[in-house]
Each structure stands twice: as C-alpha cells, then as structure tokens.
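# Observations on chain architecture
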Amino acid sequence: MKKSLLHISGLTKSFDQSGPVVNQVGFEVKEDEIFALLGPSGCGKTTTLRLIAGFEHCEDGEIHIEGELVESPGVHLSPQKRKVGFVFQDYALFPHMNALENVAFGLKEVERKKRPVLAEEVLCRTGMEKYKHRMPDELSGGQQQRVALARAIAPKPKLVLMDEPFSGLDAMLRDSTRKEVRAILKKSGMSAILVTHDQEEALSFADRIAVMNNGQIEQIGTPEEVYYHPNTQFVAQFLGRTNLFRAHADGSDNVETRLGPVKINREAEGFILCSIRPEHLTIERCKPNGKETGIITGREFRGHDITYHVLFKGDKYIVHTDNRLIFDVDEPVVVKPLEPAVVLEQKANA
Ligand code: ATP
C-alpha cells in the first residue's frame, strides 16, 4: 500500500464577501500518484493548487505534506519550505537565461558549481539535453514546456503542481508532450497534481481524478470510475456526452423505460435519474412502426466511431457506434442499451 504524500481536509478559502471559492475540499495524493483536479472555469481548481503551494492562506481546513502540517488557520509554511515544484500554463521560463541556466536557477540548495551538472542531467531526462544552450524564444512550445518541467523536478520535489501546463500547445504537440511528461514523472517516482478543465486530458493523464464544481469536490475516482460510474448529474455531463432519463424503480436492478426494460447498476426504489453513455447504447434497423420506431435525426462521422442522434418515442438519444455500423439520416431504428445505466439520483416515493 502506497504512503500518503499530501492530505487535505476541510480546505476553505474566500476572497471577498461573495462566499468561498474553495469550500470544504478534502483529498489525498499518494506517493507516485498523478492526481487531477478537473472542473469548469472558475470552480476553484487554481486556488486549491495555490493553497497547496503556499501562495494563498486558507481560512479553514488543513494541508499536510508528508505528515507535516503546512497550512491551516494560523499555520503557513512558506512555498520554498514546502518542497513542491510548479509548472504553469505559460511555462514562465526566464527569457534572458538559456535552458540550462533556467533549470540550474531552481537548484538554490545545491552547491553553486554543481548546479550546471545536475541541471544537465535533468535536461537529459526530459530529452532536452541538446537544446541546453538555446534561449526560450528559440524553443518550440513543447520544448519550453519540457524545460519548465525539468526546472520543476530538478530540486527533486516529492510533489509537482501543474496548472493547465499543456493548454498553450497545439493538439498534436499537446498529446505527445502529455505522454512524455507523464512518463518522466512516473520514471522519477514523483507525485503530481494537474489542474485542467479538459476532461480528455484528465482521463488520459491522471491515475485518479477529483471532479470539482462550484468550489467543492463532487467525486474522486480513477478515470474509469468517474467516467463510467458518475455519482452526480454534473459529473456525468462534465465528463463527456451522456443520455439522461428518469424512471420509477421498484427495488430491483431493472427499470421499465421508454427504451423497454433497462438494467441499472444497483438496486433502487422510487423515482430515479439515470445516465447511460452513448457507447453503451446501440441502434438497430427496423421497419417503420408508428410510435414504436425511432428515427435517425443526425450523424457525426468521427473517424474511429460515429455519433448518431436518434429521436425515439419522443426522447432524444446520442449513440456512438463503431464506424462499420452505417445508418442514414431519417432511417427507422430502435435504440437498445448494451450496459446497465448508472443511477445518479434517487427520490423516495411521495
Ligand atoms: P480557470 O480554469 O478559469 O483558471 P479555476 O477553476 O482555476 O478557473 P480559480 O482560478 O481558482 O478557478 O478561481 C475561482 C474563483 O475565485 C473565481 O470566481 C475567481 O474569479 C475567484 N478568484 C481567484 N483568485 C482571486 C483573487 N485573487 N481575488 C478575488 N477573486 C479571485
């Protein structure tokens, strides 16, 4: 069992009278773990990261790093003493220093003459050794980002905090840089917290994800857990497209819906709100049969799969199929579930 590196409980922060922007936030990051804070703009991700870094003071709650209390009302360890590394969205490299000098700059605790040697070693680990004499403006965005990462990990922090570090890169570079950075972190045995509003980025980069909304964490889990087993409507909708439907449950794990009988992921009783991902539905051709028939109202070809929009018994559905299932717009179809739907909300019978 891996040890806990960072432990946060009841973390709360307001900037003014409008209420907390971080509200009773709690989570744990283990050694070697890559953790993501995912949520829409303004939900409090950066403020949470800045509280961990020591750039902000909290008004309630506690932050422990390796068992040491570093933040609580009345306790505030300075950022330098927390021994965490940072990588920001704009890379924040010093423009008048070359790559090597940028990395060496962070090695304040290392004897001066040893700094360039160590900096070169870290640049080598991030695949940037041959660019060590280049100035930041002579490097591409992805290369600058790798130098920024080298600078953050050179002092061997236990934890690296990354605020939207890939958002300045174009789609191709973003993908490859992300993979490289993940590999470097894993190889160095460092933990990291990534702040992002990009669900695909969080799903592919992190070992676990905390989904934030309105200053609070709605759910923490592995990418598979939060994607396939969302706890709330917000998580279901923020993590990708989904189909929501209401039904009445009788205590079993089956409900009768307009799609016909649908299995749900747990036994439930009363009025329920369910989510089923588009790839967990399929469509089948059928003969036109009045109200029992659905109709394809739209099609989006996405290369590896196709998204169909279907109107079925008055409800709209989104269905992802593999790209060999070809249907035409206006074709009569029926919609069928392939997997159980996930219960998001349950209200007892009135
Ligand atoms: P984004 O993805 O847009 O960066 P975020 O989830 O990281 O958003 P935060 O930057 O943490 O969100 O901001 C949360 C809320 O706190 C916002 O409403 C923001 O306007 C407010 N806020 C952040 N910093 C300050 C500040 N220094 N003074 C006043 N309000 C602030």
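In case you missed it, the structure is sitting above this.
Below, the structure is looked at part by part. Treat the numbers as computed from the prediction; the structure is a model and nothing was measured.

## Structural notes on the site of the ligand
- Around the ligand sit Phe 15, Val 21, Pro 40, Ser 41, Gly 42, Cys 43, Gly 44, Lys 45, Thr 46 and Thr 47, and those are all the residues in its vicinity.
- A distance of 2.6 Å separates an oxygen atom of the ligand from a polar atom in the side chain of Ser 41.
- Gly 42 is positioned such that a nitrogen or oxygen atom in its backbone is 2.7 Å from an oxygen atom of the ligand.
- When the free accessible area of the ligand is taken as 640 Å², the share hidden by the protein chains comes to 56%.
- The leading source of residues in the shell around the ligand is helix α1 (residues 45-53), at 3 residues.
- Residues that form the shell around the ligand fall into these classes: 4 nonpolar, 5 polar and 1 charged.

## Observations regarding the sheet that holds strand β7 (residues 84-87)
- Spatially, β7-β8-β9-β3-β10-β11 is the arrangement adopted by the 6 strands of the open sheet, whose pairing is mixed. Across the chains shown, the open sheet's two edge strands, defined by having one partner strand only, are β7 and β11 (216-221). The average angle at which neighbouring strand axes cross in this sheet is 20°, direction not considered.
- Pairing of β7 with strand β8 (residues 159-163), which is carried by 4 bridges, proceeds in the parallel orientation. Residue Val 84 lies in a different strand from β8, and its bridge partner there is Leu 159.
- Set on the sheet, α1 makes contact with β3 (34-38), β7, β8, β9 (191-196) and β10 (208-213); between it and β8 the angle comes to about 150°.

## A look at the sheet that holds strand β1 (residues 4-14)
- Reading across from one edge, β2-β1-β4-β5-β6 is the order of the 5 strands in this open sheet, with antiparallel pairing throughout. A single partner strand is all that each edge strand has here, and the edge strands are β2 (20-30) and β6 (75-76).
- α1 rests against β1, β2, β4 (60-65) and β5 (68-72) of the sheet, and its axis sits at about 60° to β2.

## Some remarks on the pattern of salt bridges
- Summed over all chains, the structure comprises 23 salt bridges.
- Between Asp 175 and Arg 178 there is a salt bridge, and its shortest N-O distance comes to 3.3 Å. In this pair, Asp 175 and Arg 178 are both assigned in helix α6 (residues 171-188), 3 residues apart and thus about one turn of the helix distant.
- The exposure class of Asp 175 is partly exposed, given its relative accessible area of 34%.

## Let's talk about the side chain of Glu 71
- Within the secondary structure, Glu 71 sits in strand β5.
- The exposure class of Glu 71 is buried, given its relative accessible area of 1%.
- Excluding its chain neighbours within four sequence positions, the residues that come into contact with Glu 71 are Leu 51, Glu 56, His 57, Cys 58, Gly 61, Glu 62, Ile 63, His 76 and Arg 82.

## Observations concerning the pairing of strand β13 (residues 254-257)
- Only one face of β13 is covered, namely the face carrying Val 255 and Thr 257; the face carrying Asn 254 and Glu 256 is uncovered.
- As paired elements, β13 and strand β14 (residues 260-263) share 4 bridges and run antiparallel to each other. The residue bridging Glu 256 from the neighbouring strand is Pro 261, located in β14.
- Between β13 and β14, which pair antiparallel in sequence order, lie 2 residues.

## What to know about the nonpolar core
- Core analysis: the biggest nonpolar cluster contains 45 residues, and Leu 123, Val 147, Val 160, Met 162, Leu 185, Phe 205 and Ile 209 have the highest contact counts within it.
- Per-element tally for this core: the top contributor is helix α5 (residues 141-153), with 6 residues.
- The residues touching Val 147, leaving out its near neighbours within four places in the chain, are Leu 93, Ala 99, Asn 102, Val 103, Leu 123, Met 128 and Leu 139.
- Listed in part, the 27 residues of the second largest apolar core include Leu 11, Phe 27, Val 84 and Met 212.

## Overview of the environment of Asp 207
- Its location among the elements puts Asp 207 in the loop between α7 (199-205) and β10.
- Relative accessible area serves as the criterion here: at 23%, Asp 207 is assigned to the partly exposed category.
- Expressed as a C-alpha distance, the spacing of Asp 207 and Val 235, which sit 28 residues apart in the sequence, is 17 Å.
- Not counting residues up to four positions away in its chain, the partners in contact with Asp 207 are Asp 32, Glu 33, Ile 34, Arg 182, Lys 186, Thr 222 and Pro 223.

## Thoughts on α1
- When you tally the buried positions in α1, you get 7 out of 9 residues, the bulk of the element.
- Buried residues of α1: Lys 45, Thr 47, Thr 48, Leu 49, Leu 51, Ile 52 and Ala 53, and no others.
- Following α1 by one or two positions, Gly 54 adopts a phi angle in the positive range, close to 95°.

## Some remarks on the packing of helix α4 (residues 115-125) against α5
- At a minimum axis distance of 9 Å, the contact between α4 and α5 shows a crossing angle of 130°. Here α5 runs oblique to α4, going by the angle between their axes. Viewed along their axes, α4 and α5 form a crossing whose handedness is right-handed. Seen from α4, the contacting residues are Val 122, Leu 123 and Arg 125; seen from α5, they are Val 147, Ala 150 and Ile 153.
- In the contact of α4 with α5, the residues fall into 5 nonpolar, no polar and 1 charged.

## A short note on the state of the cysteines
- The full count for this structure, using the stated rule, is 0 disulfides.
- With no disulfide partner, Cys 58 has as its closest neighbouring cysteine sulfur the one in Cys 43, 18 Å distant.

Each value, and the rule that gives it
- Residues numbered from 1 in each chain as written.
- Predicted model: local features only at pLDDT ≥ 70, side-chain atom pairs only at ≥ 80, totals over all residues.
- Heavy atoms only, no water.
- Near = heavy atom within 4 Å.
- Polar contact = N/O pair within 3.5 Å; in protein donor to acceptor, adjacent residues only side chain to side chain.
- Areas by Shrake-Rupley, 256 points an atom, 1.4 Å probe, with all protein chains shown as cover.
- Helix = DSSP H or I, 4+ residues; strand = E, 2+ residues; numbered from the N terminus.
- Nonpolar A, V, L, I, M, F, W, Y, C, P; charged D, E, K, R; others polar.
- Pairing = 2+ DSSP bridges.
- Axes fitted to C-alpha atoms, helices over the stretch in contact; angles between N-to-C directions.
- Contact = heavy atoms within 4.5 Å.
- Salt bridge = Lys/Arg side-chain N within 4 Å of Asp/Glu carboxyl O.
- Buried < 20%, exposed > 50% of the residue type's maximum accessible area, 1.4 Å probe, protein only.
- Core = buried A, V, L, I, M, F, W, Y, C linked by side-chain atoms within 4.5 Å.
- Parallel < 35°, antiparallel > 145°, perpendicular 65-115°, else oblique.
- Left-handed = near helix turned anticlockwise from the far one by under 90°.
- Disulfide = S-S within 2.5 Å.

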